[in-house]
Amino acid sequence: MKAPRMTTRSSFLTLAVALTGALSGACSSDASTAEEKPDQSTQSAIVLAAGVVTPDDFMTYVRVFPEVPSGNVKLTKFREFGNANVYVNAGHVYVEQDGVMQRFDVDAKLELGDGPKCSWTDFGITTSNASYTVFVSSTRAYTFAPELGVIVVWDPESMERTGAIELEYPERPSGMETWANDGYLVGDKVIWNVFSGNFDTV
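In this text the structure is predicted, and so the values were computed from the model without any measurement. (Residues numbered from 1 in each chain as written. Predicted model: local features only at pLDDT ≥ 70, side-chain atom pairs only at ≥ 80, totals over all residues. Heavy atoms only, no water.)

## Topic: the overall build of the protein
(1) Moving on: A tally of helices and strands in the protein yields zero helices and 18 strands.
(2) Moving on: If you sum the accessible surface of the protein, you get close to 11,900 Å²; carbon and sulfur atoms cover 49% of it. (Helix = DSSP H or I, 4+ residues; strand = E, 2+ residues; numbered from the N terminus. Areas by Shrake-Rupley, 256 points an atom, 1.4 Å probe, with all protein chains shown as cover.)

Here's what the structure looks like:
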């Protein structure tokens, strides 16, 4: 499948992920036409997130497509965010920026509708570069901040925090920073690869 090519005045990074779930307003309530119109309650779509690097900032652009686009993809109809992480889960799009996660519903026209927010800034998580989120189900997710040694447990459906797990790291030499790779759900466990290092001496 041909990857989309984007034309901007800056460098970019693209990520296409599948979105499957109940789309708002996508189902007809008229039972007499149920056989004529396909049930779109589990309609699949593609969420395209583009990261554009500027001299002063990193911008994130998000748009939902019915299929992977080809050719030149312009950002004019994309939703614009700052430096952000983008996720999909249970038919919703989630965007995290500045320590706040917001849920977006996808309507029948594949447009993003503003939903509720959940914040963990009080833990000290203030940038998207400092956290890694894994969705376990429609009602449970974990956001890991390796530098702080804390995992925030939250409900993607109610957008409420339900707990926090504080980690005890082994002693490390002074000057080391702690990072992680993206986490994965393996069986009934969420696994992150965590590492510490002094990047000034690498």
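Moving on, there is more to tell.
## Quick word on the sheet that holds strand 7 (residues 85–89)
Within a beta sheet, neighbouring strands are joined by backbone hydrogen bonds and run either parallel or antiparallel to one another.
(1) Moving on: Here we have four strands laid out as an open sheet, ordered 7-8-9-10, and antiparallel in their pairing. The sheet is open, and its two edges are formed by strand 7 and strand 10 (112–119), each paired on a single side. Strand-to-strand twist in this sheet, taken as the mean axis angle between neighbours without regard to direction, amounts to 25°.
(2) Moving on: Of the strand pairs in this sheet, strand 9 (residues 100–106) and strand 10 are connected by six bridges, and their pairing is antiparallel. Looking at strand 10, one finds that V106 is bridged to L112. (Pairing = 2+ DSSP bridges. Axes fitted to C-alpha atoms, helices over the stretch in contact; angles between N-to-C directions.)

## What about the environment of V100?
(1) Moving on: Tracing the backbone through its elements, the reader meets V100 in strand 9.
(2) Moving on: Along the backbone, V100 and W120 are 20 residues apart, and their C-alpha atoms lie at a distance of 6.4 Å.
(3) Moving on: When sequence neighbours within four positions are dropped, the list of residues in contact with V100 reads V95, K117, C118, S119 and T121. (Contact = heavy atoms within 4.5 Å.)

## Re the packing of aromatic side chains
(1) Moving on: The tally for this structure, following the rule as stated, stands at eight aromatic pairs.
(2) Moving on: Measuring from ring centre to ring centre gives 4.9 Å for Y94 and F135, while their planes differ by 45°; the resulting arrangement is tilted. Taken together, the residues Y94 in strand 8 (residues 92–97) and F135 in strand 11 (residues 132–137) connect sequence positions 41 residues apart. The same class applies to Y94 and to F135, which are both buried.
(3) Moving on: Relative to W154, the ring of F135 has its centre 5.6 Å away and its plane inclined at 75°; by these criteria the two rings are edge-to-face. One end of the pair, F135, is in strand 11; the other, W154, is in strand 13 (residues 150–155), and 19 residues separate them in sequence.
(4) Moving on: Exposure remark for F135: the relative accessible area of 14% places this residue in the buried category.
(5) Moving on: Counting every residue linked through ring pairs, the aromatic cluster contains Y87, Y94, W120, F135 and W154. (Phe/Tyr/Trp six-rings, centres within 6.5 Å; stacked < 30°, edge-to-face > 60°. Buried < 20%, exposed > 50% of the residue type's maximum accessible area, 1.4 Å probe, protein only.)

## Structural notes on the pairing of strand 12 (residues 140–145)
For a regular strand, side chains alternate in direction, first toward one face of the sheet and then toward the other.
(1) Moving on: Among the six residues in strand 12, five count as buried, and that is most of the element.
(2) Moving on: Bridge count between strand 11 and strand 12: five bridges; the pairing is antiparallel. Each residue of the ladder has a partner; that of T133, found in strand 12, is T143.
(3) Moving on: A loop of two residues connects strand 11 with strand 12, the two strands running antiparallel in sequence.
(4) Moving on: Of the strand pairs in this sheet, strand 12 and strand 13 are connected by five bridges, and their pairing is antiparallel. What sits directly across from A141, in strand 13, is W154.
(5) Moving on: Linking strand 12 back to strand 13 in an antiparallel pair, the connection comprises four residues, with G149 at a positive phi of about 65°.

## Considering the sheet that holds strand 11
(1) Moving on: Taking strand neighbours across the sheet as the criterion, the four strands line up as 11-12-13-14 in an open arrangement whose pairing is antiparallel. Since the sheet does not close on itself, it has two edges, and those belong to strand 11 and strand 14 (160–166), each with one partner. The mean inter-strand angle of the sheet, taken between neighbouring strand axes irrespective of direction, is 20°.

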